[in-house]
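If you want the building blocks of each chain, they are given just below.
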Amino acid sequence: KSGTNIMFGCNNFCSYCIVPYVRGRERSREPKDIIREIEMLVKDGVIEIMLLGQNVNSYGKNLEHPVSFAQLLTEVEKIEGLERIRFMTSHPKDLSDELIEVMSQSDKICKHLHLPLQSGSSRLLKIMNRHYTKESYLELVDKIRAKNPDIALTTDIIVGFPGETEEDFADTMDVVEKVQYDSAFTFIYSKRTGTPAATMENQVPEEVVKERFDRLLERVQQIAAVHAGKDVGKVVEVLVEEQNGQDASLMTGRTSQNYVVHFPGETCLIGKIIPVKLIESKGFYYMGEQA
């Protein structure tokens, strides 16, 4: 598998993030250049591509002939020999109905979407300059799941953003309960010099942040463990990525939903997509056997 940058920079100016100041404004690559690069990678044996951008959903807006991200995905899907397409990161404010539709119709786009939340508090989301609310985020999740019922959803959450109250944090926990993420990357807020959030009043005391962070992490892990158990007994397609580092008799790969699977096998399987029966869930990964 390999990654391809489809754009550089960012226009969003989230109040905690330094990226737009460091990497500049959003610049999309021409579709033909992206397609050509992926075709070359496929010739070299790549069968899974990750399309990369700070906000892939706003791809193509600044091109001479504007192209939507959904249209780009449709073109990438036509590449012969390419079997899987992933992408990140998706900003909720720009995730279109067109993209949801393309994902639901596609044979190659993986059943996994990383949809950063950052906070469940509409009040904090406004101060973060995220351009969505708790309610609109939850509506978006419902829309995605209605068209892609077997999709795995993952997210990013910041705890301890300046001014975060217990009520704000409760809103975040409420979204976690409602969405039931397959996994979440949880972060304690840290100041980035040069960002608006770094000079905000009401920085949250460290011990309060730590206590909230532990509560969030525990719940996220409980939900993820339940999700990881639901496919036991199923036969799924796994892209074999490597020999297991701990046990040379095992191969390690990933499902379309991005779950890690370990199973007995030979190194000749690396780079192939094969059917694997999921025998046991270990919370964050599966043990399986070739089907």
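Keep in mind that what you see is a predicted model, and the values were worked out from it rather than measured.

**Q** Now, about the overall build of the protein chain: what can you tell me, with residues and values included?
**A** Broken down by element type, the protein chain carries eight helices and 13 strands. Its C-alpha atoms give the protein chain a radius of gyration of 20 Å, near enough to 19 Å, the size a compact globule of 291 residues would have. Along the longest, intermediate and shortest principal axes, the C-alpha atoms of the protein chain span 55 × 50 × 35 Å. Buried residues in the protein chain amount to 51% of all 291 residues. Once local pairs closer than 6 in sequence are excluded, the contacts in the protein chain between residues at least 24 apart make up 72%. Taken as a whole, the protein chain presents about 14000 Å² of accessible surface, with 52% of it coming from carbon and sulfur.

**Q** With reference to specific residues and values, describe the sheet that holds strand β6 (residues 112-114).
**A** Taken together, three strands build an open sheet; the order of strands is β6-β7-β8 and the sheet is parallel. Bordering the open sheet on either side are β6 and β8 (183-188), each of which pairs with just one other strand. The sheet shows a mean angle of 15° between the axes of neighbouring strands, direction not considered. Relative to strand β7 (residues 152-159), β6 is paired through three bridges, and the arrangement is parallel. Bridge pairing in β7 places His 112 opposite Ala 152.

**Q** Explain helix α3 (residues 69-77) to me, using residue names and the numbers behind them.
**A** Within α3, the full set of buried residues consists of Phe 69, Ala 70, Leu 72, Leu 73 and Val 76. Taken end-on, α3 shows its buried residues confined to a sector of 155°, consistent with a single buried face. Buried positions along α3 lie against α2 (31-43), β4 (48-52), β5 (84-88) and α4 (97-105).

**Q** Lay out unusual backbone geometry with the relevant residues and their values.
**A** Residue Thr 89 follows Met 88 across a cis peptide bond; omega there is 10°. Of note in the backbone geometry, Asn 129 takes a positive phi value of approximately 65° without being a glycine. In this fold, Asn 129 is placed in the loop between α5 (122-127) and α6 (134-147). Owing to a relative accessible area of 26%, Asn 129 belongs among the partly exposed residues under this scheme. Here Asn 202, not a glycine, exhibits a phi torsion of approximately 60°, which is positive.

**Q** Give a detailed account of the layout of surface pockets, specifying residues and quantitative values.
**A** Considering only enclosed or pocket space, the largest pocket measures out at about 820 Å³ in volume. Together, 33 residues line the largest pocket, and Tyr 16, Cys 17, Val 19, Gln 54 and Gln 118 are the ones closest to its centre. Looking at the lining of the largest pocket, its residues break down into 17 nonpolar, 11 polar and five charged. Reported here for the second largest pocket is a volume of approximately 560 Å³. Forming the boundary of the second largest pocket are 29 residues, of which His 112, Thr 154, Ser 183, Arg 254 and Asn 258 lie nearest the centre. Put simply, the parts of the chain that give the lining of the second largest pocket at least two residues each are β4, β5, β6, β7, β8 and α8 (206-229). With five residues, the top contributor of residues to the lining of the second largest pocket is α8. When the residues that make up the lining of the second largest pocket are grouped by side-chain class, the tally is 15 nonpolar, nine polar and five charged.

**Q** How would you explain the sheet that holds strand β9 (residues 235-243) if you had to name every residue and give the values?
**A** The mixed closed barrel is built from five strands, whose spatial order is β9-β10-β11-β13-β12. In this sheet, neighbouring strand axes are inclined to one another by 55° on average, regardless of whether the strands run parallel or antiparallel. Here five bridges tie strand β12 (residues 273-281) to strand β13 (residues 285-290), and the two strands are oriented antiparallel to one another. Residue Ser 281 lies in a different strand from β13, and its bridge partner there is Tyr 286.

**Q** Before we move on, can you summarise the state of the cysteines with the specific residues and values?
**A** Within the structure shown, the criterion is met by zero disulfides. In this model Cys 10 remains outside any disulfide bridge; the closest cysteine sulfur is found in Cys 14, 6.4 Å from its own. When its relative accessible area of 7% is taken as the criterion, Cys 10 is described as buried.

Calculation criteria
- Residues numbered from 1 in each chain as written.
- Predicted model: local features only at pLDDT ≥ 70, side-chain atom pairs only at ≥ 80, totals over all residues.
- Heavy atoms only, no water.
- Helix = DSSP H or I, 4+ residues; strand = E, 2+ residues; numbered from the N terminus.
- Rg over C-alpha atoms; globule rule 2.2 N^0.38 Å.
- Buried < 20%, exposed > 50% of the residue type's maximum accessible area, 1.4 Å probe, protein only.
- Contact = heavy atoms within 4.5 Å.
- Areas by Shrake-Rupley, 256 points an atom, 1.4 Å probe, with all protein chains shown as cover.
- Pairing = 2+ DSSP bridges.
- Axes fitted to C-alpha atoms, helices over the stretch in contact; angles between N-to-C directions.
- Arc of directions from axis to C-beta.
- 1 Å grid on protein atoms, 1.4 Å probe; cavity = no way out; pocket = protein on both sides within 12 Å on 5 of 7 lines; lining within 4 Å.
- Points joined across faces, edges and corners; volume = space filled by probe spheres on them.
- Nonpolar A, V, L, I, M, F, W, Y, C, P; charged D, E, K, R; others polar.
- Disulfide = S-S within 2.5 Å.

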